[in-house]
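Each chain, letter by letter, is given below.
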Amino acid sequence: MTILCIETSTSVCSAAVCKDGKPLKQCICLEGSNHARLLPLYIQELLLFAKEQHLAIEAVALSEGPGSYTGLRIGTSTAKGICYGLDIPLIPVPTLQVLCAAAKEKGTTGLLCPMIDARRMEVYTALYDMDLHPLSEVKAVVVENENSLLSLSEGGLSSLSEAVYFFGDGAAKCQTVFTNPDWHYIPGIVPQAAHIGWLIANGQWSAAEKLAYYEPFYLKEFIAAQSHVKGLN
């Protein structure tokens with residue numbers, strides 16, 4: 001199965017063409033705040049690549065969130081437009097598991113705790129085993145001390161017998177808070193579209209039932225604020 005994968009949930013913007021779980025080509029920008037400008041260019045380049053390789057795009061896979069409200073909306077609207085235009089299904093994939101796939105690729109052994117920055121000391125997080133099965137619900141957690149993560153495991157993470165690995169753009173700011181010797185921080189892990197194809201090939205993801213009504217997984221309620229740009233009020 002040939003899939004166009006889109007990842008825009010954080011400051012990283014990426015898109016990839018994957019076939020049977022393997023990325024054939026990926027376009028990625030790590031600089032941030034360029035999603036609306038870059039994503040259409042990436043998709044144009046990838047669709048041309050697929051055409052040159054005589055590949056028919058059979059579905060669009062989307063990192064569904066949680067994450068940046070703006071990034072998720074850009075990715076979702078773009079993905080839905082392509083699905084309508086090509087008459088193909090949309091397959092949403094949880095962003096935290098996209099992060100876990102990146103960590104697993106590094107050879108990490110233990111429990112996985114991806115963290116997405118939700119501003120200040122708040123993160124979106126959950127706990128997963130090495131098979132990427134969720135061991136807790138996805139939650140928004142304010143990290144004040146090690147007890148902040150008690151809700152991710154019965155008895156707290158300190159009671160677990162396995163090492164726990166933290167990663168993602170929300171984990172860096174928690175390094176000074178987490179001092180347990182069995183808790184480890186992995187730098188440089190970002191969600192990438194190239195990992196979405198692998199997740200679909202190795203998981204049980206299904207297409208969104210009603211494309212027109214599909215919405216990103218914001219986790220927290222989205223509230224649109226009044227613009228401070230002159231001329232828009």
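Below is a short write-up of the structure. Because the structure is predicted, anything quoted here is derived from the model rather than measured.

In this section: the overall build of the chain. Each helix and strand counted, the chain has 4 helices and 10 strands in total. Listing each helix as α and each strand as β along the chain from the N terminus yields β-β-β-α-β-α-β-α-β-β-β-β-β-α. Taking 233 residues into account, the globule formula puts the C-alpha radius of gyration at 17 Å, and the chain, at 18 Å, falls close to it. By its C-alpha atoms, the chain is 50 × 50 × 30 Å across when sized along the principal axes. The contacts of the chain with a sequence gap of at least 6 include a subset with a gap of at least 24, amounting to 64%. Approximately 11,900 Å² of the chain is accessible, and the part contributed by carbon and sulfur atoms is 51%. Separation of charge centres in the chain, based on 16 positive and 23 negative side chains, amounts to 9 Å.

Further remarks concern the nonpolar core. Generally speaking, soluble globular proteins have nonpolar side chains that are buried together. Residues Cys-5, Ala-61, Leu-112, Phe-167, Ile-196 and Ile-200 are the most contacted members of the largest nonpolar core, which totals 30 residues. Breaking this core down by element, the ones donating at least two residues are β1 (2-7), β2 (13-19), β4 (59-63), β5 (90-93), α3 (95-105), β6 (111-117), β9 (164-167) and α4 (193-202). Ranked by residue count, the leading element in this core is α3, at 7 residues. Judged by nonpolar contacts, the second largest core, of 26 residues, contains Val-60, Ile-82, Cys-83 and Tyr-214.

Our focus in this paragraph is the pattern of salt bridges. For the coordinates displayed, the defined rule picks out 3 salt bridges. Its salt-bridge partner being Glu-45, residue Lys-25 comes within 3.2 Å of it at the nearest N-O pair. One end of the pair, Lys-25, is in strand β3 (residues 22-29); the other, Glu-45, is in helix α1 (residues 35-52), and 20 residues separate them in sequence. When its relative accessible area of 26% is taken as the criterion, Lys-25 is described as partly exposed. Of the residues examined, Glu-45 reaches a relative accessible area of 38% and is grouped as partly exposed. We note a salt bridge from Lys-173 to Asp-117, for which the minimum N-O separation is 2.5 Å. You can see Lys-173 sitting in the loop between β9 and β10 (183-185) and its partner Asp-117 sitting in strand β6, a full 56 residues away along the chain. With relative accessibility at 35%, the residue Asp-117 sits in the partly exposed group.

Let us look at the sheet that holds β1. Reading across the sheet, the 5 strands line up as β3-β2-β1-β4-β5 and stay open at both edges, with mixed pairing between neighbours. Only two strands of the sheet have a single neighbouring strand rather than two, namely β3 and β5. Direction aside, the axes of adjacent strands within the sheet are offset by 20° on average. Alignment of β2 against β3, held across 7 bridges, turns out to be antiparallel. Residue pairing for β3: Cys-18 is matched across the bridge by Pro-23. Set on the sheet, α4 makes contact with β1, β2, β3, β4 and β5; between it and β1 the angle comes to about 130°.

Our focus in this paragraph is the sheet that holds β10. Backbone-to-backbone hydrogen bonds pair the strands of a sheet. The strands run either parallel or antiparallel. Spatially, the 5 strands line up as an open sheet ordered β8-β7-β6-β9-β10, and their pairing is mixed. If you trace the sheet from one side to the other, it starts and ends with β8 (139-142) and β10, each paired once. Each neighbouring strand pair of the sheet contributes to a mean axis angle of 30°, computed without reference to strand direction. Summarising the sheet, strand β7 (residues 122-125) and β8 pair through 4 bridges and their orientation is antiparallel. Bridge pairing in β8 links Glu-122 to Val-142. Along the sheet face, α3 touches β6, β7 and β9 and points at about 125° away from the line of β6.

Definitions and cut-offs
Residues numbered from 1 in each chain as written. Predicted model: local features only at pLDDT ≥ 70, side-chain atom pairs only at ≥ 80, totals over all residues. Heavy atoms only, no water. Helix = DSSP H or I, 4+ residues; strand = E, 2+ residues; numbered from the N terminus. Rg over C-alpha atoms; globule rule 2.2 N^0.38 Å. Contact = heavy atoms within 4.5 Å. Areas by Shrake-Rupley, 256 points an atom, 1.4 Å probe, with all protein chains shown as cover. Lys, Arg positive; Asp, Glu negative; His and termini not counted. Charge placed at Lys NZ, Arg CZ, Asp CG, Glu CD. Core = buried A, V, L, I, M, F, W, Y, C linked by side-chain atoms within 4.5 Å. Buried < 20%, exposed > 50% of the residue type's maximum accessible area, 1.4 Å probe, protein only. Salt bridge = Lys/Arg side-chain N within 4 Å of Asp/Glu carboxyl O. Pairing = 2+ DSSP bridges. Axes fitted to C-alpha atoms, helices over the stretch in contact; angles between N-to-C directions.

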